[in-house]
Amino acid sequence: MKKTMLLMAATLITAFGYAQGLKLNDLEYFERQGVNVLVFSNPFTGGFNDEKNSGIEIIHHGVRTAQGGAVRLNNAPEQWDLVPQMTSRKVDPATNSIEIGMRYPDYDFDSRVVVTGKGDAVEISVYLDKPVPDAIAGEAGFNLEFLPSQYWNKTFLMDGRLNRFPRYTASETITRPNQEKARQFKGFKTYDDRGTDRFIDPLPLEQGHTILMATDDPERLVKVTSQDIDLKLYDGRILAQNGWFVLRSILPAGKTGKVLTWTVEPHAIPGWIREPNIGFSQVGYVPTQPKVAVIELDKKDTPKATATLFRIMNDGSIQKAFEGGIQSWGSYFKYNYVKFDFSAVREPGVYYIQYGDLKTNDFLIDEHVYDKITDATTDVWIPIHMNHMFVNEGYRVWHGEPFKEGYLQAPPSDHFDMHRQGATTDTKYQPYELIPGLNVGGYFDAGDFDIETGANIGVVQNLVRAWELFHSQRDETFVSEQQRYVDLHRPDGVPDILQFIEHGTLNLVAQAEQIGHMATTLSNSVLDNYHHLGDATSITDGRHYDRSLKPYEVSADGKSSGTPDDMWAFTSRNPRLDFNAATMFAAASRALEGYNDDLAQRALTQSKRLMQEATELMTANNQQGQMGGMATNLQLYAATHEQHYLDSFLQQIWTALDNNATSNLQTALDAIPYMDEAYKQRLRPYVQKYQEYILSFDKDNPYGVPIGLGNWAGSGNVVSFGTTICFAYLYFPDLIRKDDLYRAANYIFGCHPYHNYSLVAAVGAARPKAVFYGNNRADFSFIPGNVAPGLLFRQPDHFENYDDWPFLWGQNEGTVGGNTQYVIFGSAFQNVLAK
Ligand SMILES: [Ca+2]
Ligand SMILES: [Ca+2]
Ligand SMILES: [Ca+2]
């Protein structure tokens, strides 16, 4: 042991003594080879409060390992704890420093944090012009959060005391009166205190003045010193599974001026160069398609002259199949990109790429590689997300039948998932009154369990499109609406896609019939149910909420309780949503005719009624301009063949195409089956323009697809792009290049920045992503067939997709809207390739 420690000390001296210095670069972050320190390049302005993506951040040897550096009000902040507003950001290259003004308006509390590059460290100082307000004195502190998956099982020393970061949380807590806890976002509570009026406060794992983290891993080694005040280390996972390790110092009460100073020194491996990321399709390639690997290189890396394709022969021996030159693409954000084109290889077989010493995993070249790309999504992901059903798979129950007590009319209220109930209910129901009949059909939105009406409308539309265009007869799922039971991998004689359309329509028709218009969402009434992880059945107690009972009290007949856990229907009327529903009902009625005639008729009735009422409402509100009824008119024409719908569509489509051809082309293509040859001819120039648009991405980025830079990553856009290309090729094979059909598939299946894993869970890929933000995310797992949003852009220059940490929804969540779009893409892609 002693010998090891001496060796470690020697390494540290060398390591921390390596002179290079953290310098502010042109992109306004501190940089040295192997280390980036960002200071509010990403402020706390994400859509969902603390997204664990903000404040002071460290990108350590290519991986973002720390974030959340800021003045915070909790030992281990949760998503809905208050976050600071950034009131100013001053970058000063002369002093090599960045100063951030922070404010908590709820407490009229201002602070300034100055980060200064000093040698290989940054010094972080907190300044107060007024003392910490009494209400949060002893609670406000400076925090920095470290990613558990990068630190667990690694060692740390606090003032020389040895310890190890736990793989799973099991440290100590206390409870304190709720009144001592800083207010949470909009006054919501993330926890159910079981009537104790107390909150849980974690105790520190360690405290002291100097911490060395990951002494056993040079890529993660960090030294943090606090000159004046103790550092405390917390495990945020003890409150919330998505918590991080939190390093924290409490700001002293009653003091002003410079009240805290930390020195943070992330170790840099001398001369470190990031390993190349060889992007290729993990699903493989059909023999005739273009095959180009995109290799992402550290900007200090020197590209090799060639790369090689090796083939693993049927007897297990290995043969060189191809050697080809490396072409430079150029730089894109922080990396350089080169390409390796091995399109010449067409022989079916098992291959891998070798670039320098680096070998990829194997992949297939074969005529059938894309045959199964949607099977996991249709056979597993979609049925698991069927609400109000018991879902079984082999020996496993995914969930029981949720929300048996139904849905209450939401009272006027704010919400935590971007909804609200306005001052009126717009229905015949009183707040908290049971709205009958809504607990039927519908799909969980995503990693949460609400029925987002807009998303569910999209699901039915997507599935109807897939049904009408491709007529998939695939039957791998038993669905009984009568038994409220779904059994995966048990054929029942009915095409699954019809059953999925029926299931979505059942809930949406119930909304229109019971409420009179569409709810904005059917969602949780309390925040501590919203972040539920586990079986959806246990979100509510299955008993009707009775406000005359005390919380947790159950009525004598066992049918009601005083626990306010019943789900709410948010019913503020939105004519645009009704308009969209009208579109979907028209489509659903077509698909369901001959399979469930009663439901088909009910859907058509609601379609016509909502269309008329929404038009009147929007006319009255002068909202005609935002009607967006182009697709609706098309759907209604397809359902009814009434000429006036067609006339309206034709009035709208050409203007829409002239205004924005790229985003409206899909709708224009969708109309082709109902139109004459003249319509198709008139569309040709727009399709020609779309081909130019496709090619423009070759200059935009090395991957040749639209890469989104928002706070929800962009694989959905790539899927839409790919879908439109397929449809355009289907109708205009002389205008769209066949080679361009593969762009979206390449990107989604592994040819993208950061790593080369397929963004679709499970079927077909050699190396799919392993963790996703599904409702089983606490198990670091996935639901097969999910499509991750993928590569999340972090300002100012970093793409990221964690595959050992599921909890960032913007990278790893899949939505029912997005995944059913992927089904269309996959079906269209397979269909055009088969031709
Ligand atoms: Ca949701
Ligand atoms: Ca079936
Ligand atoms: Ca209940």
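Not measured: the values here are computed from a predicted model. (Residues numbered from 1 in each chain as written. Chains lettered and ligands numbered in written order. Predicted model: local features only at pLDDT ≥ 70, side-chain atom pairs only at ≥ 80, totals over all residues. Heavy atoms only, no water.)

### Notes on the coordination of the calcium ion (ligand 3)
Phase 1 of the analysis: Within the first shell, the calcium ion (ligand 3) binds the protein through Glu405 (OE), Asp541 (OD), Arg543 (O), Asp565 (OD) and Asp566 (OD), at distances of 2.2 to 2.4 Å.
Phase 2 of the analysis: Along the chain, the residues donating to the calcium ion (ligand 3) are arranged with the sequence spacing E-x135-D-x1-R-x21-D-D. Taken as a pair, Glu405 in the loop between β30 (396-399) and β31 (407-409) and Asp541 in the loop between α6 (527-530) and β39 (544-545) lie far apart in primary sequence, 136 residues in all. (Donors = N, O, S within 2.8 Å, 3.2 Å for Na, K, Ca; no water. Helix = DSSP H or I, 4+ residues; strand = E, 2+ residues; numbered from the N terminus.)

### Some details on the pattern of salt bridges
Phase 1 of the analysis: Under the defined criterion, the tally for this structure stands at 47 salt bridges.
Phase 2 of the analysis: Asp201 is the partner of Arg176 in a salt bridge, and the nearest nitrogen-oxygen pair spans 2.8 Å. Of this pair, Arg176 sits in strand β13 (residues 173-177) while Asp201 sits in strand β14 (residues 198-202); the two residues are 25 residues apart in sequence, bridging distant segments of the chain. You'll find Arg176 and Asp201 in the same group, each marked buried.
Phase 3 of the analysis: Connected through shared salt-bridge partners, Asp50, Lys52, Arg72 and Glu145 make up one network. (Salt bridge = Lys/Arg side-chain N within 4 Å of Asp/Glu carboxyl O. Buried < 20%, exposed > 50% of the residue type's maximum accessible area, 1.4 Å probe, protein only.)

### Concerning the sheet that holds strand β4 (residues 56-60)
Phase 1 of the analysis: As summarised here, the arrangement of the nine strands in space is β1-β2-β3-β4-β5-β10-β19-β18-β15, forming an open sheet in which the pairing is antiparallel. Lying at the two open borders of the sheet, with one neighbouring strand each, are β1 (23-24) and β15 (206-208).
Phase 2 of the analysis: Sheet analysis places strand β3 (residues 35-39) next to β4, joined by five bridges and oriented antiparallel. Bridge pairing in β4 places Val37 opposite Ile58. (Pairing = 2+ DSSP bridges.)

### Examining the sheet that holds strand β29 (residues 390-393)
Phase 1 of the analysis: Within the open sheet, the four strands sit side by side as β30-β29-β37-β36. Their pairing is mixed. The strands lining the two open edges of the sheet, one partner per strand, are β30 and β36 (477-480). The sheet shows a mean angle of 20° between the axes of neighbouring strands, taken without regard to direction.
Phase 2 of the analysis: The pairing of β29 with strand β37 (residues 485-488) spans three bridges and is parallel. For Asn392, the partnering residue across the bridge sits in β37 and is Asp487.
Phase 3 of the analysis: Contacts from helix α3 (residues 375-384) reach β29, β30, β36 and β37, with the element oriented near 150° to β37. (Axes fitted to C-alpha atoms, helices over the stretch in contact; angles between N-to-C directions. Contact = heavy atoms within 4.5 Å.)

### Comments concerning the coordination of the calcium ion (ligand 2)
Phase 1 of the analysis: The protein atoms donating to the calcium ion (ligand 2) are Asp475 (OD), Thr477 (O), Asp492 (OD), Val494 (O), Asp496 (OD) and Gln499 (OE1), with metal-donor distances spanning 2.3 to 2.5 Å.
Phase 2 of the analysis: Coordination at the calcium ion (ligand 2) is octahedral, judged from the six donor atoms that bind it and the angles of 81 to 174° they form at the metal.
Phase 3 of the analysis: In primary-sequence terms, the residues that donate to the calcium ion (ligand 2) follow D-x1-T-x14-D-x1-V-x1-D-x2-Q. Here Thr477, found in strand β36, pairs with Asp492, found in the loop between β37 and α5 (496-515); they are 15 residues apart in sequence, far enough to count as distant.
Phase 4 of the analysis: Overall, Thr477 belongs to the buried group, its relative accessible area being 0%.
Phase 5 of the analysis: For Asp492, a relative accessible area of 25% corresponds to the partly exposed category. (Tetrahedral: all angles 85-135°; square planar, octahedral: opposite > 155°, others 65-115°.)

### Quick look at the packing of helix α7 (residues 575-592) against helix α9 (residues 630-640)
Phase 1 of the analysis: The N-to-C vectors of α7 and α9 enclose an angle of 25°; their axes lie 8 Å apart at closest approach. Relative to α9, α7 is oriented roughly parallel. For the element pair α7 and α9, the recorded crossing hand is left-handed. Residue-level inspection shows Phe579, Ala582, Thr583, Ala586, Ala587, Ser589 and Arg590 of α7 in contact with α9, the latter providing Ala631, Thr632, Gln635, Leu636, Ala638 and Ala639.
Phase 2 of the analysis: The residue makeup of the contact of α7 with α9, split by class, is eight nonpolar, four polar and one charged. (Parallel < 35°, antiparallel > 145°, perpendicular 65-115°, else oblique. Left-handed = near helix turned anticlockwise from the far one by under 90°. Nonpolar A, V, L, I, M, F, W, Y, C, P; charged D, E, K, R; others polar.)

### Brief notes about empty space enclosed by the protein
Phase 1 of the analysis: For the coordinates displayed, the defined rule picks out six cavities of 30 Å³ or more.
Phase 2 of the analysis: There is about 100 Å³ of room inside the largest cavity.
Phase 3 of the analysis: As for the largest cavity, its lining consists of Arg167, Tyr168, Thr169, Arg237, Gln241, Ala778, Phe780 and Phe807.
Phase 4 of the analysis: Partitioned by chemical class, the residues of the lining of the largest cavity number four nonpolar, two polar and two charged.
Phase 5 of the analysis: Empty space within the second largest cavity amounts to approximately 80 Å³. (1 Å grid on protein atoms, 1.4 Å probe; cavity = no way out; pocket = protein on both sides within 12 Å on 5 of 7 lines; lining within 4 Å. Points joined across faces, edges and corners; volume = space filled by probe spheres on them.)

### As for the packing of aromatic side chains
Phase 1 of the analysis: For the structure shown, the criterion picks out 50 aromatic pairs.
Phase 2 of the analysis: Centre to centre, the rings of Phe48 and Trp809 are 5.8 Å apart; their planes meet at 80°, and the pair counts as edge-to-face. Of this pair, Phe48 sits in the loop between β3 and β4 while Trp809 sits in helix α15 (residues 809-812), and the two are 761 residues apart along the sequence.
Phase 3 of the analysis: Judged by centre distance (6.2 Å) and plane angle (75°), the rings of Tyr693 and Phe721 are edge-to-face. Residue Tyr693 is located in helix α12 (residues 677-700), and its partner Phe721 is located in helix α13 (residues 715-731); the two are separated by 28 residues in the primary sequence.
Phase 4 of the analysis: Through successive ring pairs, a cluster of aromatic residues spans Trp329, Tyr332, Phe333, Tyr337, Tyr703, Tyr747, Phe793 and Phe799.
Phase 5 of the analysis: The aromatic ring of Tyr757 is capped on one face by Arg767, whose charged end is 3.5 Å from the ring centroid. (Phe/Tyr/Trp six-rings, centres within 6.5 Å; stacked < 30°, edge-to-face > 60°. Lys NZ or Arg CZ within 6 Å of the ring centre and 35° of its normal.)

### Looking at the pairing of strand β11 (residues 155-158)
Phase 1 of the analysis: Side chains Thr155 and Leu157 of β11 all project onto a buried face; the interleaved residues Phe156 and Met158 project onto the opposite face, where all are buried too.
Phase 2 of the analysis: For β11 and strand β12 (residues 161-164), the ladder comprises four bridges, and the chain directions are antiparallel. Note that in β12 the partner of Phe156 across the bridge is Asn163.
Phase 3 of the analysis: Once β11 ends, the chain turns through two residues before running back antiparallel as β12, passing Asp159 with a positive phi of about 45°.
Phase 4 of the analysis: When β11 meets strand β16 (residues 210-213), the two strands line up antiparallel, connected through three bridges. Bridge pairing in β16 links Phe156 to Met213.

### So, the pairing of β30
Phase 1 of the analysis: Two elements, β29 and β30, share three bridges in a ladder whose sense is antiparallel. Its bridge partner lying in β30, Glu393 is registered against Arg396.
Phase 2 of the analysis: The hairpin formed by β29 and β30 contains two residues between the paired strands, and Gly394 there has a positive phi angle of roughly 55°.

### Re the packing of helix α8 (residues 597-620) against α9
Phase 1 of the analysis: Between α8 and α9, the shortest axis-to-axis distance is 12 Å and the interhelical angle comes to 140°. Relative to α9, α8 is oriented oblique. Relative to α9, α8 is oriented so that their crossing is left-handed. Counting all contacts with α8, which are made through Leu604, Ser607, Lys608 and Met611, the residues of α9 involved are Thr632, Asn633, Leu636, Ala639 and Thr640.
Phase 2 of the analysis: In terms of residue class, the contact of α8 with α9 is made up of four nonpolar, four polar and one charged.

### Structural notes on the nonpolar core
Phase 1 of the analysis: By size, the foremost hydrophobic cluster in this structure holds 150 residues, and its most contacted members are Tyr370, Phe585, Tyr679, Leu683 and Phe829.
Phase 2 of the analysis: Considering every element that reaches this core, the biggest residue donor is α7, with 11 residues.
Phase 3 of the analysis: Each residue touching Phe829, except ones within four places of it in the same chain, is listed here: Tyr370, Ile373, Cys726, Leu741, Tyr742 and Ala745.
Phase 4 of the analysis: Of all hydrophobic cores here, the second largest spans 55 residues; its members include Leu22, Val35, Leu82 and Val224. (Core = buried A, V, L, I, M, F, W, Y, C linked by side-chain atoms within 4.5 Å.)

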